[in-house]
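Residues per chain, in single letters:
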Amino acid sequence: AMRRVLLLVCSASSLFGQPEPPLRDRVTMYLTDLIRLDTTNPPGNETRVAEYLKRVADAHGIPAELIGPDRNRLNFVARLKGTGKQKPLLLMAHSDVVPADRTQWSVDPFAAVVKNGTMYGRGTEDVKSLLAAELAILVELKNRGTKLDRDIILLSAVSLLLALQDLDYRGPAIVLEDAGTALQRDHFPQDIAVHVLRKPLEMQRVFRAVAHALESG
(Lines give C-alpha, C1' and ligand atoms only; values in the text may rest on other atoms or scores of the structure.)
Protein backbone atom coordinates (compact mmCIF):
# COMPACT_ATOMS: atom_id res chain seq x y z
CA ALA A 1 0.00 0.00 0.00
CA MET A 2 1.15 3.49 -0.73
CA ARG A 3 2.59 5.23 2.32
CA ARG A 4 1.70 8.87 2.85
CA VAL A 5 1.86 11.57 5.45
CA LEU A 6 -0.18 14.76 5.62
CA LEU A 7 2.13 17.76 5.53
CA LEU A 8 1.58 21.25 6.82
CA VAL A 9 3.79 22.65 4.07
CA CYS A 10 3.56 21.49 0.47
CA SER A 11 6.98 22.30 -0.94
CA ALA A 12 10.60 21.90 0.06
CA SER A 13 14.09 21.83 -1.40
CA SER A 14 17.64 21.31 -0.24
CA LEU A 15 18.69 24.58 1.40
CA PHE A 16 22.22 23.98 2.63
CA GLY A 17 23.87 27.35 3.09
CA GLN A 18 20.56 29.24 2.79
CA PRO A 19 18.77 31.23 5.53
CA GLU A 20 17.24 28.99 8.17
CA PRO A 21 13.66 27.95 7.37
CA PRO A 22 10.93 27.74 10.04
CA LEU A 23 10.81 24.47 11.96
CA ARG A 24 7.89 23.00 10.03
CA ASP A 25 9.49 23.88 6.71
CA ARG A 26 12.74 22.30 7.89
CA VAL A 27 10.97 19.03 8.74
CA THR A 28 9.41 18.98 5.28
CA MET A 29 12.74 19.77 3.64
CA TYR A 30 14.51 16.98 5.48
CA LEU A 31 11.72 14.50 4.75
CA THR A 32 11.81 15.35 1.05
CA ASP A 33 15.55 14.79 0.91
CA LEU A 34 15.37 11.54 2.91
CA ILE A 35 12.60 10.05 0.77
CA ARG A 36 14.71 10.71 -2.32
CA LEU A 37 17.52 8.59 -0.87
CA ASP A 38 16.65 5.01 -1.83
CA THR A 39 17.50 2.82 1.17
CA THR A 40 15.41 -0.19 0.21
CA ASN A 41 16.34 -3.18 2.34
CA PRO A 42 17.63 -5.45 0.96
CA PRO A 43 20.31 -4.36 0.27
CA GLY A 44 19.92 -1.26 2.47
CA ASN A 45 22.60 1.25 1.48
CA GLU A 46 21.67 3.21 4.61
CA THR A 47 25.01 5.03 4.43
CA ARG A 48 23.26 7.36 1.98
CA VAL A 49 21.06 8.58 4.82
CA ALA A 50 23.89 8.56 7.37
CA GLU A 51 26.05 10.77 5.17
CA TYR A 52 23.15 13.16 4.52
CA LEU A 53 22.51 13.49 8.25
CA LYS A 54 26.22 14.08 8.83
CA ARG A 55 26.24 16.93 6.30
CA VAL A 56 23.29 18.56 8.05
CA ALA A 57 24.90 18.13 11.46
CA ASP A 58 28.24 19.52 10.24
CA ALA A 59 26.51 22.52 8.67
CA HIS A 60 25.01 23.39 12.07
CA GLY A 61 28.04 22.60 14.21
CA ILE A 62 26.49 19.51 15.81
CA PRO A 63 29.04 16.84 16.79
CA ALA A 64 28.25 13.65 14.88
CA GLU A 65 29.85 10.44 13.66
CA LEU A 66 29.16 7.44 11.45
CA ILE A 67 29.56 4.01 13.04
CA GLY A 68 29.28 0.40 11.96
CA PRO A 69 31.31 -2.40 10.39
CA ASP A 70 29.79 -2.19 6.88
CA ARG A 71 30.69 0.97 4.97
CA ASN A 72 27.50 0.64 2.91
CA ARG A 73 25.30 0.33 6.00
CA LEU A 74 26.53 2.88 8.51
CA ASN A 75 24.68 4.23 11.52
CA PHE A 76 24.60 7.94 12.36
CA VAL A 77 24.97 9.34 15.88
CA ALA A 78 24.81 13.01 16.91
CA ARG A 79 24.86 14.50 20.39
CA LEU A 80 24.08 17.88 21.89
CA LYS A 81 25.75 18.13 25.28
CA GLY A 82 23.84 19.19 28.36
CA THR A 83 24.89 19.74 31.95
CA GLY A 84 24.36 16.09 32.84
CA LYS A 85 21.88 16.95 35.58
CA GLN A 86 19.33 14.62 33.98
CA LYS A 87 19.74 11.38 32.06
CA PRO A 88 20.23 11.77 28.30
CA LEU A 89 17.33 11.73 25.86
CA LEU A 90 17.80 9.32 22.96
CA LEU A 91 15.89 9.90 19.71
CA MET A 92 15.98 6.91 17.40
CA ALA A 93 14.75 5.90 13.96
CA HIS A 94 15.77 3.31 11.40
CA SER A 95 16.99 4.52 8.02
CA ASP A 96 15.99 1.63 5.76
CA VAL A 97 12.66 1.11 4.01
CA VAL A 98 10.84 -1.96 2.76
CA PRO A 99 10.78 -2.67 -1.00
CA ALA A 100 8.24 -0.76 -3.10
CA ASP A 101 6.35 -2.57 -5.86
CA ARG A 102 6.31 0.17 -8.46
CA THR A 103 3.33 -1.41 -10.23
CA GLN A 104 1.28 -0.51 -7.14
CA TRP A 105 2.33 3.13 -7.15
CA SER A 106 0.88 5.95 -9.23
CA VAL A 107 4.01 8.05 -8.59
CA ASP A 108 7.72 7.38 -8.19
CA PRO A 109 8.03 6.08 -4.59
CA PHE A 110 11.38 7.85 -4.24
CA ALA A 111 10.44 11.22 -5.73
CA ALA A 112 8.65 12.67 -2.67
CA VAL A 113 5.79 13.91 -4.85
CA VAL A 114 3.36 16.28 -3.12
CA LYS A 115 -0.28 16.37 -4.18
CA ASN A 116 -2.91 18.45 -2.39
CA GLY A 117 -0.78 18.80 0.71
CA THR A 118 0.10 15.10 0.92
CA MET A 119 3.56 13.71 0.28
CA TYR A 120 3.77 10.31 -1.39
CA GLY A 121 6.89 8.20 -1.00
CA ARG A 122 8.37 5.08 0.53
CA GLY A 123 9.31 5.96 4.09
CA THR A 124 6.80 8.76 4.72
CA GLU A 125 5.23 6.57 7.42
CA ASP A 126 7.90 3.97 8.09
CA VAL A 127 9.77 5.87 9.22
CA LYS A 128 11.66 8.72 7.61
CA SER A 129 9.05 11.24 8.74
CA LEU A 130 10.08 10.48 12.32
CA LEU A 131 13.77 10.80 11.43
CA ALA A 132 13.13 14.15 9.70
CA ALA A 133 11.27 15.46 12.76
CA GLU A 134 13.99 14.34 15.14
CA LEU A 135 16.71 15.91 12.99
CA ALA A 136 14.78 19.18 12.82
CA ILE A 137 14.40 19.18 16.61
CA LEU A 138 18.14 18.70 17.08
CA VAL A 139 18.94 21.54 14.67
CA GLU A 140 16.35 23.80 16.31
CA LEU A 141 17.83 23.23 19.76
CA LYS A 142 21.31 23.99 18.42
CA ASN A 143 20.24 27.10 16.55
CA ARG A 144 18.40 28.49 19.58
CA GLY A 145 21.36 27.83 21.84
CA THR A 146 19.02 26.04 24.24
CA LYS A 147 20.54 25.38 27.65
CA LEU A 148 20.09 21.65 28.23
CA ASP A 149 20.19 19.80 31.53
CA ARG A 150 20.61 16.53 29.65
CA ASP A 151 22.38 15.32 26.52
CA ILE A 152 20.18 14.95 23.43
CA ILE A 153 21.29 12.08 21.19
CA LEU A 154 20.02 11.32 17.69
CA LEU A 155 20.60 7.79 16.43
CA SER A 156 19.71 6.81 12.87
CA ALA A 157 20.29 3.10 12.77
CA VAL A 158 20.53 0.23 10.34
CA SER A 159 20.02 -2.20 13.19
CA LEU A 160 18.91 -0.52 16.39
CA LEU A 161 20.29 -3.15 18.72
CA LEU A 162 23.68 -3.36 16.97
CA ALA A 163 23.90 0.42 16.85
CA LEU A 164 23.22 0.65 20.58
CA GLN A 165 26.05 -1.80 21.18
CA ASP A 166 28.40 0.26 18.98
CA LEU A 167 27.32 3.37 20.87
CA ASP A 168 28.08 1.68 24.20
CA TYR A 169 24.54 2.50 25.26
CA ARG A 170 24.36 3.16 28.98
CA GLY A 171 21.64 5.51 30.03
CA PRO A 172 19.19 7.59 28.00
CA ALA A 173 16.02 8.08 29.97
CA ILE A 174 13.54 8.18 27.11
CA VAL A 175 13.54 6.44 23.76
CA LEU A 176 11.50 7.74 20.84
CA GLU A 177 11.15 5.23 18.01
CA ASP A 178 8.45 3.54 16.00
CA ALA A 179 9.94 0.25 17.20
CA GLY A 180 7.13 -2.10 16.18
CA THR A 181 7.99 -5.46 17.72
CA ALA A 182 11.73 -5.22 17.05
CA LEU A 183 12.67 -3.22 20.13
CA GLN A 184 11.49 -4.51 23.48
CA ARG A 185 11.91 -3.19 27.01
CA ASP A 186 14.03 -6.19 28.01
CA HIS A 187 16.69 -5.22 25.45
CA PHE A 188 17.76 -2.46 27.87
CA PRO A 189 19.42 -2.70 31.29
CA GLN A 190 16.77 -2.74 33.98
CA ASP A 191 18.11 0.36 35.75
CA ILE A 192 17.36 2.54 32.72
CA ALA A 193 14.01 4.25 32.40
CA VAL A 194 12.83 3.61 28.85
CA HIS A 195 9.69 4.78 27.10
CA VAL A 196 9.00 3.45 23.61
CA LEU A 197 6.48 5.17 21.35
CA ARG A 198 5.10 2.67 18.84
CA LYS A 199 3.58 3.04 15.38
CA PRO A 200 1.62 4.84 14.13
CA LEU A 201 3.70 7.79 15.27
CA GLU A 202 2.88 11.22 13.92
CA MET A 203 5.41 14.02 13.85
CA GLN A 204 3.28 16.06 16.25
CA ARG A 205 3.68 13.38 18.92
CA VAL A 206 7.45 13.54 18.57
CA PHE A 207 7.47 17.28 19.19
CA ARG A 208 5.17 16.96 22.21
CA ALA A 209 7.20 14.14 23.73
CA VAL A 210 10.50 16.00 23.35
CA ALA A 211 9.04 19.21 24.76
CA HIS A 212 7.60 17.30 27.74
CA ALA A 213 10.91 15.55 28.41
CA LEU A 214 12.89 18.78 28.32
CA GLU A 215 10.42 20.61 30.54
CA SER A 216 9.89 17.85 33.13
CA GLY A 217 13.58 16.89 33.51
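Structure report, in brief. (Residues numbered from 1 in each chain as written. Predicted model: local features only at pLDDT ≥ 70, side-chain atom pairs only at ≥ 80, totals over all residues. Heavy atoms only, no water.)

Our focus in this paragraph is the overall build of the chain. Within the chain, the regular secondary structure consists of five helices and eight strands. Listing each helix as α and each strand as β along the chain from the N terminus yields β-α-α-β-β-β-β-β-α-β-α-β-α. Taking all contacts inside the chain whose residues are at least 6 apart in sequence as the whole, residues at least 24 apart take part in 67%. Entry remark: accessible area of the chain is about 10,600 Å², with carbon and sulfur atoms responsible for 50%. (Helix = DSSP H or I, 4+ residues; strand = E, 2+ residues; numbered from the N terminus. Contact = heavy atoms within 4.5 Å. Areas by Shrake-Rupley, 256 points an atom, 1.4 Å probe, with all protein chains shown as cover.)

It is worth spelling out the pattern of salt bridges at this point. Inspection of the entire model under this criterion finds seven salt bridges. E140 is the salt-bridge partner of R26, the closest N and O atoms lying 2.9 Å from each other. In this pair, R26 is assigned in helix 1 (residues 23-35) and E140 in helix 3 (residues 128-144), connecting sequence segments 114 residues apart. Residue classification places E140 among the buried residues on the basis of a relative accessible area of 15%. Across the pair E140 and R144 runs a salt bridge whose closest N-O atoms are separated by 2.7 Å. Of this pair, E140 and R144 both sit in helix 3, four residues apart, which is roughly one turn of the helix. In this structure, a network of salt bridges that share partners links the residues R26, E140 and R144. (Salt bridge = Lys/Arg side-chain N within 4 Å of Asp/Glu carboxyl O. Buried < 20%, exposed > 50% of the residue type's maximum accessible area, 1.4 Å probe, protein only.)

What follows is about helix 2 (residues 47-59). Turn by turn, an α-helix covers 3.6 residues, leaving residues three or four places apart pointing in a common direction. If you check helix 2, its first and last C-alpha atoms are 18 Å apart, about what 13 residues at 1.5 Å a residue would give, namely 18 Å. Of all the residues in helix 2, the buried ones are T47, V49, A50, Y52, L53, V56 and A57. Each element contacted by the buried residues of helix 2 is listed here: helix 1, strand 2 (64-67), strand 3 (75-80), helix 3 and strand 7 (152-157). (Expected span 1.5 Å × (residues − 1).)

What follows concerns the environment of D101. Locating D101 in the fold gives a position in the loop between strand 4 (89-94) and strand 5 (113-115). A polar atom in the side chain of D101 sits 2.6 Å from the side chain of T103. (Polar contact = N/O pair within 3.5 Å; in protein donor to acceptor, adjacent residues only side chain to side chain.)

The next point concerns the packing of helix 1 against helix 2. Running from amino to carboxyl end, helix 1 crosses helix 2 at an angle of 150°, the nearest separation of the two axes being 10 Å. It follows from the interaxial angle that helix 1 and helix 2 lie roughly antiparallel. Here helix 1 and helix 2 pass one another in a crossing that is right-handed. Along the contact surface, helix 1 presents M29, Y30, D33 and L34, while helix 2 presents V49, Y52, L53 and V56. Along the lines of polarity and charge, the residues of the contact of helix 1 with helix 2 split into seven nonpolar, no polar and one charged. (Axes fitted to C-alpha atoms, helices over the stretch in contact; angles between N-to-C directions. Parallel < 35°, antiparallel > 145°, perpendicular 65-115°, else oblique. Left-handed = near helix turned anticlockwise from the far one by under 90°. Nonpolar A, V, L, I, M, F, W, Y, C, P; charged D, E, K, R; others polar.)

On to the side chain of K128, then. Counting through the fold element by element, K128 comes out in helix 3. Among buried Asp, Glu, Lys and Arg side chains, K128 stands out as unpaired, with D38 the closest opposite charge at 6.6 Å. Every residue in contact with K128, bar those within four places of it in the chain, is listed here: L31, L34, I35, L37, T39, V49, S95, V97 and G123. (Lys, Arg positive; Asp, Glu negative; His and termini not counted.)

Right, let's get into helix 1. The terminal C-alpha atoms of helix 1, which comprises 13 residues, lie 18 Å apart, in line with the 18 Å expected from a rise of 1.5 Å per residue. Those residues of helix 1 not exposed but buried are R26, V27, T28, M29, Y30, L31, T32, D33, L34 and I35.

All right, on to the pairing of strand 4 then. Taking burial as the measure, the six residues of strand 4 include six buried ones, the bulk of the element. On strand 4, burial covers both faces: L89, L91 and A93 on one face and L90, M92 and H94 on the other are all buried. Relative to strand 7, strand 4 runs parallel, the two being bridged by six bridges. The partner of M92 across the bridge, within strand 7, is L155. (Pairing = 2+ DSSP bridges.)

For the rest of this paragraph, the subject is the nonpolar core. Counting 35 residues, the largest nonpolar core has Y30, L53, L135 and I152 as its most contacted members. Elements with a minimum of two residues in this core: helix 1, helix 2, strand 3, strand 4, helix 3 and strand 7. Per-element tally for this core: the top contributor is helix 3, with nine residues. Core analysis: the next-biggest nonpolar cluster, separate from the first, contains seven residues, I67, L90, L155 and A157 among them. (Core = buried A, V, L, I, M, F, W, Y, C linked by side-chain atoms within 4.5 Å.)

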